[in-house]
Structure formats: C-alpha cells, structure tokens
Amino acid sequence: MDYLEKVLEKLKEWARKLIDVLLGPEVQPEPEPIPIPVNDPQRR
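One structure accompanies this document, and this report is about it. Computed from a prediction, not measured in an experiment: that's the story for all the values here.

1. Remarks on the overall build of the chain
A count of helical and extended segments in the chain gives one helix and zero strands. A burial count over the chain gives 0% of its 44 residues as buried. If you sum the accessible surface of the chain, you get close to 5400 Å²; carbon and sulfur atoms cover 61% of it.

Structure (structure tokens):
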C-alpha cells in the first residue's frame, strides 16, 4: 500500500509541474503589509 501512495504522490507532483508549465505558476495573492509602529515625536 505504501508503494501505491508513493506512486500517487509522484503523479500529483508531475501533474502540478505540467500544469505550471502549460498555464504558468499559480497566482499567489500578495501578502498584506505588516504595520510598523513609528516613533513620531509630538510637536511642542
């Protein structure tokens, strides 16, 4: 059974590679920027 799982995993990997070649890589959303606190001195 372990052999079949390995074969299926390889087939999935090859299918992903083939799709990437034919359609281009998957479009991944840009990560949202993390707000960085800024030390803003107050006016006097």
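2. Quick look at helix H1 (residues 2-23)
For H1, with 22 residues, the first-to-last C-alpha span of 31 Å sits near the 32 Å given by 1.5 Å per residue. Positioned one or two residues after H1, glycine 24 has a phi angle of 90 degrees, which is positive.

3. As for a nonpolar patch on the surface
Together, Met1, Tyr3, Leu4, Val7, Leu8, Leu11 and Trp14 make up an exposed nonpolar region whose accessible area comes to about 840 Å². Of note, valine 7 is situated in helix H1. In this structure valine 7 comes out as partly exposed when scored by relative accessible area, which is 34%.

Thresholds applied
- Residues numbered from 1 in each chain as written.
- Predicted model: local features only at pLDDT ≥ 70, side-chain atom pairs only at ≥ 80, totals over all residues.
- Heavy atoms only, no water.
- Helix = DSSP H or I, 4+ residues; strand = E, 2+ residues; numbered from the N terminus.
- Buried < 20%, exposed > 50% of the residue type's maximum accessible area, 1.4 Å probe, protein only.
- Areas by Shrake-Rupley, 256 points an atom, 1.4 Å probe, with all protein chains shown as cover.
- Expected span 1.5 Å × (residues − 1).
- Patch = residues over 30% accessible without salt bridge, like charges linked within 9 Å, V, L, I, M, F, W, Y side chains within 5 Å.
- Salt bridge = Lys/Arg side-chain N within 4 Å of Asp/Glu carboxyl O.

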